[in-house]
Amino acid sequence: DQQVKQNSPSLSVQEGRISILNCDYTNSMFDYFLWYKKYPAEGPTFLISISSIKDKNEDGRFTVFLNKSAKHLSLHIVPSQPGDSAVYFCAASAQGSARQLTFGSGTQLTVLP
Amino acid sequence: DSGVTQTPKHLITATGQRVTLRCSPRSGDLSVYWYQQSLDQGLQFLIQYYNGEERAKGNILERFSAQQFPDLHSELNLSSLELGDSALYFCASSPQRGATPSGYTFGSGTRLTVV
């Protein structure tokens, strides 16, 4: 049972354009959402997060949008740069004693020069 | 360098064997998490330890076990290895029982290849 889904395994975007990565979730108890970026031969690194009490969080070129009614979040990267080429994982957590992160399967973003 | 150290980086072993993966959490972090990433799969949660005690279990096979030692480093033991156990194994740490607002800090992983 995949509680966090990233339905696009890959995405290619031209440098300077917008990259939009999508993520859907099924667990209504999730109240915190994160995006991680992963380069080859490295571990995932935290990129940006959003609490369920917000619908938007922005950090420089990165913006995360949350649509709770649709159980959908997206990561926008504007403008996209070749260095943004990586695998992006969406993750979610629910309030509770463990507060584990549940990850999606990832989207490989390729930014073409 | 994230501060989370995983050794070894690469491991090649035969089916039926047993291996131990090691993780040293970031200084000051009390929780250690183990994740498995198989080909084209997301990060699957295996197990969490907090200050030496098992805190949560995910999709961890009975052939796999883990522990966290008094110095807070953790070991993941994989036994009776099968070809399907070939994967990247990540360790992550956090300072508290669960994820912080920035989640966990991950190590660079151990790539296990079972032949």
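Structure first, text after, so check above.
Cut-offs and rules
Residues numbered from 1 in each chain as written. Chains lettered and ligands numbered in written order. Predicted model: local features only at pLDDT ≥ 70, side-chain atom pairs only at ≥ 80, totals over all residues. Heavy atoms only, no water. Pairing = 2+ DSSP bridges. Helix = DSSP H or I, 4+ residues; strand = E, 2+ residues; numbered from the N terminus. Salt bridge = Lys/Arg side-chain N within 4 Å of Asp/Glu carboxyl O. Buried < 20%, exposed > 50% of the residue type's maximum accessible area, 1.4 Å probe, protein only. Polar contact = N/O pair within 3.5 Å; in protein donor to acceptor, adjacent residues only side chain to side chain. Contact = heavy atoms within 4.5 Å. Axes fitted to C-alpha atoms, helices over the stretch in contact; angles between N-to-C directions.

Once that is clear, we can look at the sheet that holds strand β3 (residues 19-25) of chain A. Residue and element names in this part refer to chain A. One open sheet holds the five strands; their spatial order is β1-β3-β8-β7-β6, and the pairing between them is antiparallel. Only two strands of the sheet have a single partner each, and these edge strands are β1 (4-5) and β6 (56-59). In this structure, β6 lies alongside strand β7 (residues 62-67), joined through four bridges in antiparallel fashion. Note on β7: the bridge partner recorded for Asn57 is Val64.

Below, the discussion takes up the pattern of salt bridges. Residue and element names in this part refer to chain B. Scanning all chains against the criterion turns up five salt bridges over all chains. In this structure, Arg22 engages Glu75 in a salt bridge whose closest nitrogen and oxygen atoms are separated by 4.0 Å. Here Glu75 lies in strand β8 (residues 74-78) and Arg22 lies in strand β3 (residues 19-24), a separation of 53 residues in the sequence. Because the salt bridges share partners, they merge into one network encompassing Arg63, Glu82 and Asp85.

We now examine the side chain of Ser49 of chain A. Along the chain, Ser49 of chain A falls in strand β5 (residues 45-51). Residue Ser49 of chain A is classed as buried on the basis of its relative accessible area of 10%. For Ser49 of chain A, the side chain forms a polar contact with the side chain of Tyr32 of chain A, separated by 3.0 Å. Those residues in contact with Ser49 of chain A that lie beyond four places of it in its chain are Tyr32, Phe33, Leu34, Asn57 and Val64 of chain A together with Pro101 of chain B.

Residues and elements named next belong to chain A. As for its placement among the helices and strands, Asn7 is situated in the loop between β1 and β2 (10-14). Overall, the relative accessible area of 58% leaves Asn7 in the exposed class. Sequence spacing of Asn7 and Asp24 is 17 residues, and the spatial spacing of their C-alpha atoms is 8.2 Å.

Time to look at the sheet that holds β3 of chain B. Residues and elements named next belong to chain B. With respect to topology, four strands assemble into an open sheet ordered β1-β3-β8-β7, the strand pairing being antiparallel. Bordering the open sheet on either side are β1 (5-7) and β7 (64-68), each of which pairs with just one other strand. Strand-to-strand, the axes of this sheet are offset by a mean angle of 15 degrees, without reference to chain direction. Direction of pairing for β1 relative to β3: antiparallel, over a ladder of three bridges. Bridged to Thr5 within β3 is Ser24.

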